[in-house]
Amino acid sequence: MARRGGSIKKFSRVQVLFHWLYSGSWIILALTGIAFLWRGDPTEPAAGLGPLLQGSVGQTLRLVHRVAAIGLMTSPLVWLLGDPKSVWPDLKELFSFGKNDLKYMLIAPLYYTTGRGQLPPQGKFNGGHKVNFYVVFTTYFTFIGSGLVMWFGRGAVSDQAFHTAQLIHSLSFWLGSGLFLLHLYLTAIHPFTRRSLSAMVDGWMELQYARLDHSEWVEREVRSGTAQIRDAERPAAAR
Amino acid sequence: MGRAATWDTWRPDPSDARQHVAMLVDTSECIGCKGCEVACKQWNQNEVRINQDPGTYQSHPALDAETWTVIRFFETEEENGMSKWLMQKHSCMHCTEAGCVTACPTDALQYGDYGVVTLNQDACIGCGYCEPACPFDAIFVDRTAWGQRAQKAGKCTFCYDRIAHGMQPACVATCPTDCIKYGDREALIAWGRERVAQLQAMGYKNANLYGVDEMRGLHHLYVLLEPPEAYGLPVEPELSPVLRLWKYGLQPIGKAVLGVGLFGLVVNWLAARRVFKGGLSPQEAAESMHD
């Protein structure tokens, strides 16, 4: 995929596959869970999505929810086993939240709305990516823990523990769905930042965009000679 | 007070669905015949589950998705050392503030007419959230059957299909000792208090009326000879605060915050599409103008 000014390799194919397996499972889980919250008037089952969820439909959705849960739980194995060399460097960067990341979080909302302000240089992951990752990382465990209690724990755990699992599962959903919508908007809809989407399609990001949004990372990669850059016309071997 | 106090002729006012009905079980007159269990199974066409050996005189060890009424037997000892049987007709209590209704994510469980907690099995997805939410262990999801009701919750309906047509619940109609009264809730509470006073005067000093205030009022009341715990009934049960927070706090707040967030994204898009024309940042746009 040739892009103006060339491209830089950001993610491996395995990382891209892992991202879509996780997000695909997450979307199925969210839709099959959230469908029941929009039934309209609770005293009128025929309102809202109610008529679509009658009979065995709801039970089928529950089954799909559980199958997708297995997909979500196991998807990190794809990354851990398929591209283990990239796990530690990426996690190390994701868990490092510096002054520039904080500045980015403060300036980005205004910049991405009005174009005003100067974004600080960012690494492979900007401050927003990192916050999104923290939520995904945390909710991965809270979803699984609470979900397993609700799936298998009836009778084995106390009633209060079961209710707490319900609360944690919902809390994880509301927190995760807010970040999910923001992430979806910025990578697929926002006129400027959607230029980053290609990195999660074929692993390559427009070099000009990378220099704007991830300048620190690009400079580091070029300096160390590990940058994989291809020009707009023809793919080039790693330098 | 058995047959003399029969409530045979009472019917709810069909024009007033807000009227709260109730059943009152006078355990002092229950003989544990299990006729109510049979009537319940027969009227609701629930599967008969035999070959269960609970190790007591009970027909079933507990309620389940196809067993909505069971007489529970409790053997106790009197002060003179003689053994005594306590019997309790157990089923859904139709709470005024019900844990199952609060926990149900699909609104299959709702507060219905006459104060009855209704279950719409078509809307039930069998998630089982209702089970731990019930302090009386009176609602269950059938996880073994594969028939029409497979993987659905099941519980006493208060014979809603009968009382809505002016009939008595099946268990009431069949009780040979008339120990199950059916009528207006307030009237039954008054009757129950009178009966408790009478029993206490007869020497049953622990006699009490259960269900007046529990879960903000049960629609299954009991005149008990001993304290509730002797019958396996919870003392001062209440709705879990965590469950209450989940249903009435987190879910509406979550929806509202998500709505506000979506609105913010729309506003951002309307503004950003004017600034980042052609997907270029202001710096890139300025550079391309310069070029």
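Residues numbered from 1 in each chain as written. Chains lettered and ligands numbered in written order. Predicted model: local features only at pLDDT ≥ 70, side-chain atom pairs only at ≥ 80, totals over all residues.

**Some thoughts on the overall build of chain A**
Helix and strand counts for chain A stand at eight helices and three strands. Along chain A, helices and strands appear, N-terminal first, in the series β-α-α-α-α-α-α-β-α-α-β. (Helix = DSSP H or I, 4+ residues; strand = E, 2+ residues; numbered from the N terminus.)

**A short note on the interface of chain B and chain A**
On the chain A side, the residues contacting the 38 residues of chain B number 38 residues. Looking at the side of chain B that touches chain A, the elements with two or more residues in it are helix 3 (130–133) and helix 7 (241–275) of chain B. Ranked by residues supplied to the side of chain B that touches chain A, first place goes to helix 7 of chain B with 18 residues. By residue class, the composition of the side of chain B that touches chain A is 21 nonpolar, 13 polar and four charged. (Contact = placed C-beta atoms within 7 Å. Nonpolar A, V, L, I, M, F, W, Y, C, P; charged D, E, K, R; others polar.)

**Regarding helix 2 (residues 57–82) of chain A**
Residues and elements named next belong to chain A. Across its 26 residues, helix 2 extends 36 Å between first and last C-alpha, which sits within 8% of the 38 Å expected from 1.5 Å per residue. Where helix 2 bends most, the angle comes to about 30°, and this point is Met-73, followed within four residues by the proline Pro-76. Considered for burial, the residues of helix 2 that qualify are Gly-58, Leu-61, His-65, Ala-68, Leu-72, Ser-75 and Trp-79. Contacts made by the buried residues of helix 2 are with helix 1 (13–34) and helix 3 (84–94). (Expected span 1.5 Å × (residues − 1). Bend = angle between axes of the 7 residues up to and from the residue. Buried ≥ 20, exposed ≤ 12 C-beta atoms within 10 Å, placed from the backbone.)

**Notes on the domain arrangement of chain B**
One frequently used descriptor of interface size is the decrease in accessible area upon assembly of the parts. Partitioning chain B into structural domains gives domain 1 (3–239) and domain 2 (243–290). Between domain 1 of chain B and domain 2 of chain B, the C-alpha centre-to-centre distance is 52 Å. (Domains from an automatic or database assignment.)

**Thoughts on the packing of helix 1 of chain A against helix 2 of chain A**
Helix-helix packing is characterised by the crossing angle of the two axes and by the distance between the axes. All names here are of chain A. One can describe the packing of helix 1 onto helix 2 by two numbers: an axis separation of 8 Å at closest approach and a directional angle of 160°. Classified by the angle between their axes, helix 1 and helix 2 sit roughly antiparallel to one another. The interaxial crossing formed by helix 1 with helix 2 has left-handed handedness. Across from Val-14, Gln-15, Leu-17, Phe-18, Leu-21, Tyr-22, Ser-25, Trp-26, Ile-28, Leu-29, Thr-32 and Gly-33 in helix 1, the residues of helix 2 making contact are Leu-61, Val-64, His-65, Ala-68, Ala-69, Gly-71, Leu-72, Ser-75, Pro-76, Val-78, Trp-79 and Gly-82. The residue makeup of the contact of helix 1 with helix 2, split by class, is 16 nonpolar, eight polar and no charged. (Axes fitted to C-alpha atoms, helices over the stretch in contact; angles between N-to-C directions. Parallel < 35°, antiparallel > 145°, perpendicular 65-115°, else oblique. Left-handed = near helix turned anticlockwise from the far one by under 90°.)

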